[in-house]
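Letter by letter, the chains look like this.
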Amino acid sequence: MRPLILLLSLVIAFGVVAQDEPTTLEETVLEQVAEVPGLREVLLVEITSETGEDGEKVALLSVMYRTAETSEFAYRAEILDVFRSVASVLDEDTTDVERVELLPAVTIDTVIESVLADLDDLLALADGSMTRTAFLAELDVTAIKAGEDDEADV
């Protein structure tokens, strides 16, 4: 009787642990980004497609989060931390994602800017073959005016 109880306990425990494991790329990224120190909240993680410069569809991973940073230096350092966190989940051989977009926000409906990085640059930063300065120079940063971003209504 005792081995059966032990076995049932293990099955139940394993079942609970297995349910807590992320099952999608979005869930895995959300959990990883949520661990970045100083972030108030991860609001959105989704994969969509956009039209690339050559007219082809490109998979875009968007991450919207609430920032607590008030200085420009700390804010940019936080962006690098979030990009590194995302890079730790992505692998160019196992994902269709080609670009990563960060959407830092002050409040749920106030996105500051869109910060886009190509996956190749992001992975180069993560593996140390690209410096932070070179990575920052490759980013496509677009300020978002109040009311301009529909995604901010999360």
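Residues numbered from 1 in each chain as written. Predicted model: local features only at pLDDT ≥ 70, side-chain atom pairs only at ≥ 80, totals over all residues. Heavy atoms only, no water.

Now for the pattern of salt bridges. Here the structure, examined in full by the defined rule, presents five salt bridges. Here Arg99 ties to Glu50 by a salt bridge, and the two come within 3.5 Å at their closest N and O atoms. With Arg99 in strand β3 (residues 97-107) and Glu50 in strand β1 (residues 41-51), this pair connects stretches of sequence that are 49 residues apart. What you see here is one network of salt bridges that share partners, running through Glu50, Arg99 and Asp118. (Salt bridge = Lys/Arg side-chain N within 4 Å of Asp/Glu carboxyl O. Helix = DSSP H or I, 4+ residues; strand = E, 2+ residues; numbered from the N terminus.)

Let us look at the packing of helix α3 (residues 72-87) against helix α4 (residues 119-127). When two helices pack together, their arrangement is given by the angle between the helix axes and by the axis-to-axis distance. Orientation of α3 relative to α4, taken along the N-to-C sense of each, is 95°, at an axis distance of 9 Å. Between α3 and α4, the interaxial angle falls into the category roughly perpendicular. Here Leu80, Phe83, Arg84, Val86 and Ala87 of α3 come into contact with α4, specifically with Leu122, Leu123, Leu125 and Ala126. Class assignment of the residues belonging to the contact of α3 with α4 gives a composition of eight nonpolar, no polar and one charged. (Axes fitted to C-alpha atoms, helices over the stretch in contact; angles between N-to-C directions. Parallel < 35°, antiparallel > 145°, perpendicular 65-115°, else oblique. Contact = heavy atoms within 4.5 Å. Nonpolar A, V, L, I, M, F, W, Y, C, P; charged D, E, K, R; others polar.)

Below, the discussion takes up the packing of aromatic side chains. Using the criterion set out here, one finds one aromatic pair in the structure. Consider the rings of Phe83 and Phe135, whose centres lie 5.3 Å apart with planes at 80°: the pair is edge-to-face. Here Phe135 lies in helix α5 (residues 132-138) and Phe83 lies in helix α3, a separation of 52 residues in the sequence. (Phe/Tyr/Trp six-rings, centres within 6.5 Å; stacked < 30°, edge-to-face > 60°.)

Before going further, it helps to spend a moment on the packing of helix α2 (residues 25-34) against α3. The interhelical angle for the contact between α2 and α3, taken along N-to-C directions, is 140°, at an axis separation of 9 Å. The orientation of α2 relative to α3 falls into the category oblique. The handedness of the crossing between α2 and α3 comes out as right-handed. Two secondary-structure elements touch here, α2 through Val29, Gln32 and Val33 and α3 through Val82, Ser85 and Val86. Its residues assigned to classes, the contact of α2 with α3 comprises four nonpolar, two polar and no charged. (Left-handed = near helix turned anticlockwise from the far one by under 90°.)

Residue placement: Val36 occurs in the loop between α2 and β1. The spacing of Val36 and Ser85 is 49 residues in sequence and 7.2 Å in space, taken between C-alpha atoms. Setting aside residues no more than four positions away along its own chain, Val36 makes contact with Asp81, Val82 and Ser85.

What follows covers the nonpolar core. Of all hydrophobic cores here, the largest spans 30 residues; its most connected members are Leu61, Val63, Phe83, Val86, Val100, Leu102 and Phe135. Among the elements that make up this core, the one with the highest residue count is α3 (seven residues). Here Val100 is in contact with Leu60, Leu61, Phe83, Val86, Leu90, Val115, Leu116, Ala117 and Leu122, once residues within four sequence places are set aside. By size, the runner-up hydrophobic cluster in this structure holds seven residues, among which are Leu44, Met64, Leu103 and Val111. (Core = buried A, V, L, I, M, F, W, Y, C linked by side-chain atoms within 4.5 Å. Buried < 20%, exposed > 50% of the residue type's maximum accessible area, 1.4 Å probe, protein only.)

Attention now goes to the pairing of strand β2 (residues 57-66). For β2, the tally of buried residues reaches eight of 10 residues, placing the bulk of the element in the interior. Bridge count between β1 and β2: 10 bridges; the pairing is antiparallel. Residue pairing across strands places Glu46 opposite Ser62, the latter belonging to β2. In this antiparallel pair of consecutive strands, β1 and β2, the connection spans five residues, and Gly55 shows a positive phi of 90°. (Pairing = 2+ DSSP bridges.)

Low pLDDT means the predicted atomic positions in that stretch should not be read closely. Confidence in the prediction for the chain averages 83 pLDDT; 79% of positions are at 70 or higher. Segment residues 3-18: pLDDT under 50, and zero contacts once partners within four positions in sequence are set aside and those in other chains are kept. Overall, residues 149-154 carries pLDDT values under 50, and its contacts beyond four positions in sequence, including any with other chains, amount to 18 contacts. (pLDDT = per-residue confidence, 0-100.)

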